[in-house]
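These are the residues of each chain, in order.
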Amino acid sequence: GKDGVIKHVMSGINPQGCSVTSFKQPSGEELDHDYLWRCIRHIPARGQIGIFNRSYYEDVLIGRVRQLAPSSAILHRYDDINAFEKMLTHNGTTILKFMLHISKEEQKERLQERLDTPDKNWKFGEADMAQRAAWDDYMKAYQSCLGATSTRAAPWYVIPADDKKNARLIISRIIVETLAGL
(Lines give C-alpha, C1' and ligand atoms only; values in the text may rest on other atoms or scores of the structure.)
Protein backbone atom coordinates (compact mmCIF):
# COMPACT_ATOMS: atom_id res chain seq x y z
CA GLY A 1 0.00 0.00 0.00
CA LYS A 2 0.84 3.66 0.06
CA ASP A 3 2.47 3.65 3.50
CA GLY A 4 4.74 0.76 2.53
CA VAL A 5 5.81 2.47 -0.67
CA ILE A 6 6.67 5.66 1.19
CA LYS A 7 8.58 3.75 3.87
CA HIS A 8 10.57 1.55 1.49
CA VAL A 9 11.18 3.91 -1.40
CA MET A 10 12.06 7.00 0.63
CA SER A 11 13.96 5.33 3.49
CA GLY A 12 17.34 6.48 2.14
CA ILE A 13 16.36 10.15 1.95
CA ASN A 14 17.64 12.55 4.60
CA PRO A 15 14.58 13.26 6.76
CA GLN A 16 15.71 16.88 7.24
CA GLY A 17 14.87 17.57 3.59
CA CYS A 18 11.77 15.44 3.29
CA SER A 19 8.35 15.56 4.89
CA VAL A 20 5.40 13.19 4.67
CA THR A 21 1.88 14.49 5.16
CA SER A 22 -0.95 11.97 5.48
CA PHE A 23 -4.40 13.31 4.77
CA LYS A 24 -7.31 11.60 6.50
CA GLN A 25 -10.95 12.63 6.71
CA PRO A 26 -11.07 16.47 6.80
CA SER A 27 -11.25 18.11 10.22
CA GLY A 28 -13.77 20.79 11.10
CA GLU A 29 -11.16 23.49 10.53
CA GLU A 30 -10.30 22.03 7.13
CA LEU A 31 -13.96 21.89 6.15
CA ASP A 32 -14.22 25.62 6.96
CA HIS A 33 -11.87 26.29 4.01
CA ASP A 34 -11.79 25.34 0.36
CA TYR A 35 -10.77 21.76 -0.40
CA LEU A 36 -7.24 22.71 -1.53
CA TRP A 37 -6.43 24.65 1.64
CA ARG A 38 -5.29 21.74 3.77
CA CYS A 39 -2.82 20.62 1.10
CA ILE A 40 -1.57 24.13 0.32
CA ARG A 41 -0.48 24.44 3.95
CA HIS A 42 1.93 21.53 3.43
CA ILE A 43 3.54 22.45 0.11
CA PRO A 44 7.29 21.99 0.66
CA ALA A 45 9.73 24.87 0.53
CA ARG A 46 12.13 25.16 -2.39
CA GLY A 47 14.76 22.44 -2.23
CA GLN A 48 12.62 20.20 -0.06
CA ILE A 49 10.73 17.00 -0.87
CA GLY A 50 7.12 16.78 0.20
CA ILE A 51 5.19 13.54 0.06
CA PHE A 52 1.42 13.59 0.21
CA ASN A 53 -0.21 10.36 1.31
CA ARG A 54 -3.58 11.11 -0.25
CA SER A 55 -4.44 14.70 -1.15
CA TYR A 56 -7.07 16.89 -2.77
CA TYR A 57 -7.66 14.05 -5.22
CA GLU A 58 -9.55 12.21 -2.49
CA ASP A 59 -12.09 15.02 -2.54
CA VAL A 60 -12.96 14.56 -6.19
CA LEU A 61 -12.89 10.76 -6.07
CA ILE A 62 -14.98 10.32 -2.95
CA GLY A 63 -17.16 13.27 -3.97
CA ARG A 64 -17.99 11.55 -7.23
CA VAL A 65 -18.48 8.01 -5.88
CA ARG A 66 -20.57 9.02 -2.88
CA GLN A 67 -22.32 11.73 -4.88
CA LEU A 68 -21.31 14.40 -2.36
CA ALA A 69 -21.03 16.95 -5.14
CA PRO A 70 -22.72 17.37 -8.52
CA SER A 71 -20.77 16.29 -11.60
CA SER A 72 -20.36 19.92 -12.64
CA ALA A 73 -18.60 20.71 -9.35
CA ILE A 74 -16.24 17.76 -9.81
CA LEU A 75 -15.37 18.99 -13.32
CA HIS A 76 -14.66 22.49 -11.95
CA ARG A 77 -12.39 20.97 -9.33
CA TYR A 78 -10.41 19.17 -12.03
CA ASP A 79 -9.84 22.59 -13.61
CA ASP A 80 -8.85 24.05 -10.21
CA ILE A 81 -6.41 21.21 -9.57
CA ASN A 82 -4.81 21.58 -13.00
CA ALA A 83 -4.44 25.35 -12.52
CA PHE A 84 -2.99 24.86 -9.03
CA GLU A 85 -0.47 22.27 -10.17
CA LYS A 86 0.46 24.40 -13.19
CA MET A 87 1.12 27.34 -10.86
CA LEU A 88 3.33 25.14 -8.67
CA THR A 89 5.35 23.89 -11.64
CA HIS A 90 5.73 27.44 -12.99
CA ASN A 91 7.28 28.29 -9.64
CA GLY A 92 9.80 25.45 -9.78
CA THR A 93 7.99 22.59 -8.06
CA THR A 94 8.31 19.17 -9.68
CA ILE A 95 5.19 17.07 -9.20
CA LEU A 96 5.10 13.30 -9.37
CA LYS A 97 1.70 11.66 -8.98
CA PHE A 98 1.44 7.92 -8.44
CA MET A 99 -1.75 5.89 -8.49
CA LEU A 100 -1.19 2.42 -7.08
CA HIS A 101 -3.52 0.16 -9.02
CA ILE A 102 -4.36 -3.22 -7.55
CA SER A 103 -6.73 -5.78 -8.98
CA LYS A 104 -10.05 -6.51 -7.34
CA GLU A 105 -8.74 -9.98 -6.43
CA GLU A 106 -5.62 -8.55 -4.78
CA GLN A 107 -7.72 -6.07 -2.82
CA LYS A 108 -9.85 -8.96 -1.55
CA GLU A 109 -6.72 -10.88 -0.47
CA ARG A 110 -5.27 -7.86 1.34
CA LEU A 111 -8.53 -7.18 3.16
CA GLN A 112 -8.78 -10.83 4.17
CA GLU A 113 -5.19 -10.73 5.43
CA ARG A 114 -6.09 -7.77 7.65
CA LEU A 115 -8.83 -9.89 9.19
CA ASP A 116 -6.78 -13.07 9.48
CA THR A 117 -3.61 -11.53 10.92
CA PRO A 118 -4.02 -10.15 14.47
CA ASP A 119 -1.16 -7.66 13.97
CA LYS A 120 -3.04 -6.19 10.99
CA ASN A 121 -6.56 -6.10 12.46
CA TRP A 122 -6.16 -2.40 13.26
CA LYS A 123 -5.92 -1.66 9.53
CA PHE A 124 -9.41 -3.00 8.84
CA GLY A 125 -12.46 -0.78 9.11
CA GLU A 126 -16.09 -1.06 8.15
CA ALA A 127 -15.49 1.56 5.48
CA ASP A 128 -13.21 -0.93 3.71
CA MET A 129 -16.20 -3.09 2.87
CA ALA A 130 -18.28 -0.15 1.66
CA GLN A 131 -15.39 0.97 -0.54
CA ARG A 132 -15.01 -2.53 -1.94
CA ALA A 133 -18.71 -2.68 -2.75
CA ALA A 134 -18.24 0.49 -4.81
CA TRP A 135 -15.26 -0.93 -6.75
CA ASP A 136 -16.76 -0.29 -10.21
CA ASP A 137 -17.75 3.26 -9.27
CA TYR A 138 -14.24 3.95 -7.98
CA MET A 139 -12.67 2.59 -11.17
CA LYS A 140 -14.84 4.96 -13.23
CA ALA A 141 -13.97 7.85 -10.90
CA TYR A 142 -10.23 7.09 -11.14
CA GLN A 143 -10.42 6.87 -14.92
CA SER A 144 -12.20 10.21 -15.15
CA CYS A 145 -9.92 11.91 -12.63
CA LEU A 146 -6.64 10.65 -14.05
CA GLY A 147 -7.75 11.48 -17.59
CA ALA A 148 -8.73 15.01 -16.61
CA THR A 149 -5.72 15.79 -14.39
CA SER A 150 -2.75 14.11 -16.05
CA THR A 151 -0.97 17.03 -17.66
CA ARG A 152 2.42 17.63 -19.22
CA ALA A 153 3.39 19.63 -16.13
CA ALA A 154 2.06 17.05 -13.65
CA PRO A 155 1.53 13.62 -15.22
CA TRP A 156 0.01 10.65 -13.45
CA TYR A 157 1.93 7.38 -13.21
CA VAL A 158 -0.41 4.41 -12.85
CA ILE A 159 1.62 1.76 -11.08
CA PRO A 160 0.62 -1.92 -11.22
CA ALA A 161 0.75 -2.71 -7.51
CA ASP A 162 -0.39 -6.31 -7.02
CA ASP A 163 3.32 -7.09 -6.61
CA LYS A 164 4.51 -4.68 -3.91
CA LYS A 165 8.24 -5.08 -4.59
CA ASN A 166 7.83 -4.44 -8.31
CA ALA A 167 5.63 -1.40 -7.62
CA ARG A 168 8.30 0.02 -5.30
CA LEU A 169 10.97 -0.58 -7.93
CA ILE A 170 8.96 1.19 -10.64
CA ILE A 171 8.32 4.19 -8.38
CA SER A 172 11.98 4.29 -7.30
CA ARG A 173 13.11 4.40 -10.92
CA ILE A 174 10.73 7.22 -11.77
CA ILE A 175 11.94 9.24 -8.78
CA VAL A 176 15.62 8.60 -9.55
CA GLU A 177 15.16 9.56 -13.21
CA THR A 178 13.29 12.71 -12.20
CA LEU A 179 15.95 13.72 -9.67
CA ALA A 180 18.72 13.07 -12.20
CA GLY A 181 16.94 15.36 -14.65
CA LEU A 182 16.72 18.29 -12.24
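Parameters and conventions
- Residues numbered from 1 in each chain as written.
- Predicted model: local features only at pLDDT ≥ 70, side-chain atom pairs only at ≥ 80, totals over all residues.
- Heavy atoms only, no water.
- Helix = DSSP H or I, 4+ residues; strand = E, 2+ residues; numbered from the N terminus.
- Rg over C-alpha atoms; globule rule 2.2 N^0.38 Å.
- Buried < 20%, exposed > 50% of the residue type's maximum accessible area, 1.4 Å probe, protein only.
- Contact = heavy atoms within 4.5 Å.
- Lys, Arg positive; Asp, Glu negative; His and termini not counted.
- Charge placed at Lys NZ, Arg CZ, Asp CG, Glu CD.
- Phe/Tyr/Trp six-rings, centres within 6.5 Å; stacked < 30°, edge-to-face > 60°.
- Lys NZ or Arg CZ within 6 Å of the ring centre and 35° of its normal.
- Core = buried A, V, L, I, M, F, W, Y, C linked by side-chain atoms within 4.5 Å.
- Expected span 1.5 Å × (residues − 1).
- Arc of directions from axis to C-beta.
- Polar contact = N/O pair within 3.5 Å; in protein donor to acceptor, adjacent residues only side chain to side chain.

What am I meant to see in the overall build of the protein chain here?
Across its full length, the protein chain carries nine helices and four strands. Each helix and strand of the protein chain, ordered N terminal to C terminal, gives the series α-β-α-α-β-α-α-β-α-α-α-β-α. A compact globule built from 182 residues would reach a C-alpha radius of gyration of about 16 Å, and the protein chain, at 17 Å, matches this within 12%. Overall, the C-alpha framework of the protein chain stretches about 45 × 40 × 30 Å when taken along its three principal axes. For the protein chain, the residues scored as buried account for 34% of the 182 residues in total. Look at the contacts in the protein chain between residues 6 or more apart in sequence, and 70% of them connect residues 24 or more apart. Of the side chains in the protein chain, 25 bear a positive and 23 a negative charge, and the two mean positions are spaced by 4 Å.

Is there a simple way to think about the packing of aromatic side chains in this case?
By convention here, two paired aromatic rings are described through the distance between centres and the angle between planes. Within the structure shown, the criterion is met by six aromatic pairs. When the centroid spacing of 5.1 Å and the interplanar angle of 40° are considered together, the rings of Tyr56 and Tyr57 count as tilted. When its relative accessible area of 7% is taken as the criterion, Tyr56 is described as buried. Among the aromatic side chains, those forming a connected cluster through ring pairs are Tyr56, Tyr57, Phe84 and Trp156. Geometry around Tyr35 places Arg77 over its ring, the cationic atom sitting 4.4 Å from the centre.

Teacher, can you tell me more about the nonpolar core here?
Soluble globular proteins tend to pack their nonpolar side chains together in the buried interior. Formed by 25 residues in total, the largest nonpolar core has its most connected members in Leu36, Tyr56, Tyr57, Val60, Ile81 and Cys145. Only α4 (56-65), α5 (71-90) and α8 (135-149) provide two or more residues apiece to this core. Considering each element in turn, this core owes the most residues, six residues, to α4. If we ignore the near neighbours within four places in the chain, the residues touching Val60 are Ile74, Arg77, Tyr78, Ile81 and Cys145. Residues Ile6, Val9, Ile51 and Ile102 belong to the second largest nonpolar core, which totals 13 residues.

Which parts of the structure should I look at to understand α5?
Each α-helix winds once per 3.6 residues, and so residues spaced three or four apart point in a common direction. The end-to-end C-alpha distance of α5, which contains 20 residues, comes to 29 Å, matching closely the 28 Å that a straight helix rising 1.5 Å per residue would cover. Listed as buried for α5 are Ile74, Tyr78, Ile81, Asn82, Phe84, Glu85 and Leu88. Buried residues of α5 fall within an arc of 165° about the axis and therefore sit on the same side. What points out from α5, more than 90 degrees from its buried face, is the exposed set Leu75, His76, Asp79 and His90. Each element contacted by the buried residues of α5 is listed here: α3 (37-40), α4, β3 (97-101) and α8. Trailing α5 by a residue or two, Gly92 shows a phi angle of about 95°, which is positive.

Quick question: what am I supposed to make of the side chain of Gln107 here?
Within the secondary structure, Gln107 is located in helix α6 (residues 104-116). By relative accessible area, Gln107 is classed as buried at 17%. Here Arg132 takes part through its side chain, which lies 2.8 Å from a polar atom of the side chain of Gln107. Those residues in contact with Gln107, other than ones at most four positions away along the chain, are Ile102, Arg132 and Trp135.

Before we go on, may I ask you to explain unusual backbone geometry in this structure?
Peptide bonds are mostly trans, and most non-glycine residues show a negative phi. At Arg54, a position not held by glycine, the phi torsion is positive, near 80°. On the secondary structure map, Arg54 appears in the loop between β2 (49-53) and α4. When its relative accessible area of 35% is taken as the criterion, Arg54 is described as partly exposed. With phi around 55°, Gln67 is a residue other than glycine that occupies positive phi space. Relative to the elements of secondary structure, Gln67 occurs in the loop between α4 and α5.

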